[in-house]
Amino acid sequence: MENEFLKLIETRRSCRKYKPEQITDEELNAVLKAGTYAPTGMGQQSPFIVAVQNPEMKAKLERMNAEIRGVSGNPYYDAPTYILVFAPTNCPFAIQDGTCVLENMMLAAHALGLGSCWINREIEMFATEEGKQIMQEMGLPAGLGGVGAIALGYPAATPSAPKPRKEGYARVIK
């Protein structure tokens, strides 16, 4: 079956090399808007989305993430924009809601010709006192936790071809 959206899903790949130039505000706003249309449990729209382009804030996030990961490089791959997703820690579907937001934004980015990569460790980063302080600096309400993030920008390299799908990945029971 041929379908433009299904082809978009099949061709999206993680980008780990970005051009240094910043994406446009129009592109950023389109990606953020896509995130706001992700499905959420009971339609509560519980996640919060924060785009970070400020160099000082990006440096803090890079350091925190690298420390948790135990590496010295930039876990956000030097992308010009980082998008963080938070959700209330008392929400029973916080992770699921935030994950849907992140996926919507990655697909929107791909549709716009941007590169993106899912970034982990935001759960651990924002559970720390420093992370809670940063959330406060971002103007977020209390009671949130990190869900995940994406690195976002113009790709500096062509992504590799997808790996073949594993045998038995999907099953149909009738």
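We now turn to the structure provided with this report. Note that the structure is predicted; figures quoted are calculated from it, not measured.

Another point: the environment of Leu 102. The topology assignment puts Leu 102 in helix 4 (residues 94–111). With 55 residues separating them in the primary sequence, Leu 102 and Ala 157 have C-alpha atoms 22 Å apart. If sequence neighbours within four positions are ignored, Leu 102 has contacts with Val 85, Trp 118, Val 147, Gly 148, Ala 149 and Ile 150.

Turning our eyes to something else, we now look at the pattern of salt bridges. With the rule as written, the count across this model stands at five salt bridges. Measuring nitrogen to oxygen at the nearest pair gives 3.1 Å for the salt bridge that ties Glu 137 to Lys 60. With Glu 137 in helix 6 (residues 129–137) and Lys 60 in helix 3 (residues 55–69), this pair connects stretches of sequence that are 77 residues apart. Judged by its relative accessible area of 42%, Glu 137 falls in the partly exposed class. Accessibility expressed as a relative area gives 29% for Lys 60, which makes it partly exposed. Here Arg 63 and Glu 130 are joined by a salt bridge, their closest N and O atoms 2.2 Å apart. With Arg 63 in helix 3 and Glu 130 in helix 6, the pair connects residues that are 67 residues apart, well separated along the chain.

Here we come to a nonpolar patch on the surface. Taken together, the side chains of Met 1, Phe 5, Leu 6 and Ile 9 make up a nonpolar region of the molecular surface, amounting to roughly 460 Å² of accessible area. The topology assignment puts Leu 6 in helix 1 (residues 4–11).

Let us look at helix 3. Counted at 1.5 Å a residue, the expected span for helix 3 with its 15 residues is 21 Å, and the 21 Å between its end C-alpha atoms agrees. Within helix 3, the full set of buried residues consists of Met 57, Lys 58, Leu 61, Met 64, Asn 65 and Ala 66. At its buried positions, helix 3 is contacted by strand 1 (48–52), strand 2 (81–88), strand 3 (115–119), helix 5 (122–125) and helix 6. For helix 3, the capping residue at the N-terminal end is Asn 54, with a side-chain oxygen 2.9 Å from the backbone nitrogen of Glu 56. A positive backbone phi angle near 80 degrees is found at Gly 70, which sits one or two residues after helix 3.

Right, let's get into the side chain of Arg 12. For Arg 12, the location among the structural elements is in the loop between helix 1 and helix 2 (25–36). One buried charge, Arg 12, has no salt-bridge partner; the nearest side chain with opposite charge is Glu 103, at 5.0 Å. Side chain to side chain, Arg 12 and Ser 116 meet in a polar contact 3.4 Å long. In this view, Arg 12 contacts Met 106, Leu 107, His 110 and Ser 116; residues no more than four positions away in its chain are not counted.

Backbone-to-backbone hydrogen bonds pair the strands of a sheet. The strands run either parallel or antiparallel. Spatial ordering of the open sheet is given by 1-2-4-3, a layout of four strands whose pairing is antiparallel. Here the strands that pair on one side only, and so sit at the sheet edges, are strand 1 and strand 3. If you compare each strand with its neighbour and ignore which way they point, the axes differ by 25 degrees on average. When strand 3 meets strand 4 (residues 144–153), the two strands line up antiparallel, connected through five bridges. What sits directly across from Cys 117, in strand 4, is Ala 151. Those strands touched by helix 4 are strand 1, strand 2, strand 3 and strand 4, and its axis lies near 10 degrees from that of strand 4.

Rules used in this analysis
- Residues numbered from 1 in each chain as written.
- Predicted model: local features only at pLDDT ≥ 70, side-chain atom pairs only at ≥ 80, totals over all residues.
- Heavy atoms only, no water.
- Helix = DSSP H or I, 4+ residues; strand = E, 2+ residues; numbered from the N terminus.
- Contact = heavy atoms within 4.5 Å.
- Salt bridge = Lys/Arg side-chain N within 4 Å of Asp/Glu carboxyl O.
- Buried < 20%, exposed > 50% of the residue type's maximum accessible area, 1.4 Å probe, protein only.
- Patch = residues over 30% accessible without salt bridge, like charges linked within 9 Å, V, L, I, M, F, W, Y side chains within 5 Å.
- Areas by Shrake-Rupley, 256 points an atom, 1.4 Å probe, with all protein chains shown as cover.
- Expected span 1.5 Å × (residues − 1).
- Polar contact = N/O pair within 3.5 Å; in protein donor to acceptor, adjacent residues only side chain to side chain.
- Lys, Arg positive; Asp, Glu negative; His and termini not counted.
- Pairing = 2+ DSSP bridges.
- Axes fitted to C-alpha atoms, helices over the stretch in contact; angles between N-to-C directions.

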